[in-house]
Amino acid sequence: QVQLVESGGGLVQPGGSLRLSCAASGSMFRLFVMGWYRQAPGKQRDLVATITSGSSTNYADSVKGRFTISRDNAKNTVYLQMNSLKPEDTAVYYCNARLGSGGYWGQGTQVTVSS
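I will try to describe carefully the structure that is included in this document. This is a predicted model, so every value here is computed, not measured.

Conventions and cut-offs
- Residues numbered from 1 in each chain as written.
- Predicted model: local features only at pLDDT ≥ 70, side-chain atom pairs only at ≥ 80, totals over all residues.
- Heavy atoms only, no water.
- Pairing = 2+ DSSP bridges.
- Helix = DSSP H or I, 4+ residues; strand = E, 2+ residues; numbered from the N terminus.
- Axes fitted to C-alpha atoms, helices over the stretch in contact; angles between N-to-C directions.
- Buried < 20%, exposed > 50% of the residue type's maximum accessible area, 1.4 Å probe, protein only.
- Lys, Arg positive; Asp, Glu negative; His and termini not counted.
- Salt bridge = Lys/Arg side-chain N within 4 Å of Asp/Glu carboxyl O.
- Polar contact = N/O pair within 3.5 Å; in protein donor to acceptor, adjacent residues only side chain to side chain.
- Contact = heavy atoms within 4.5 Å.

Strand order in this open sheet of 4 strands is β1-β3-β8-β7, and the pairing throughout is antiparallel. Looking at which strands have only one partner, the edges of the open sheet turn out to be β1 (4-7) and β7 (67-72). Shown here is a sheet whose adjacent strand axes are inclined to one another by a mean of 15°, direction ignored. Relative to strand β8 (residues 77-82), β7 runs antiparallel, the two being bridged by 6 bridges. Among the inter-strand pairings, Phe67 is bridged to a residue of β8, identified as Met82.

Spelled out as structure tokens, the structure:
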């Protein structure tokens, strides 16, 4: 069992920045494909970004050039640096850990972009 704990969400003005963190339990973190997803009210949960065990990254078109996913295997932590935030980035952001067919989710952290 893997536990994921997100932090770093909050209220930010348009154009601002936030960094989300997701700390994972266990000794197999370095093997997981880690990802960030988000879910706005009344909408489905969508992929934001993923990073493989080899640190290859993938981004949704809507966040390319603004968001950066990274990982620190020594700290069992994955990060999402979010710059140039827009109101449409408002959502609950979830951390995901995937290995093969199995996956784990965090509890989510709210990000609100508003003036």
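Mapped onto the elements, Glu6 comes out in strand β1. Nearest to the buried, unbridged Glu6 among oppositely charged side chains is Arg45, at 7.4 Å. There is a polar contact of 3.0 Å between the side chain of Glu6 and the backbone nitrogen of Gln107. A distance of 2.9 Å separates the side chain of Glu6 from the backbone nitrogen of Gly108, its partner in a polar contact. In contact with Glu6, other than residues within four places in its own chain, are Ser21, Cys22, Trp36, Tyr93, Tyr94, Cys95, Gly106, Gln107, Gly108 and Thr109.

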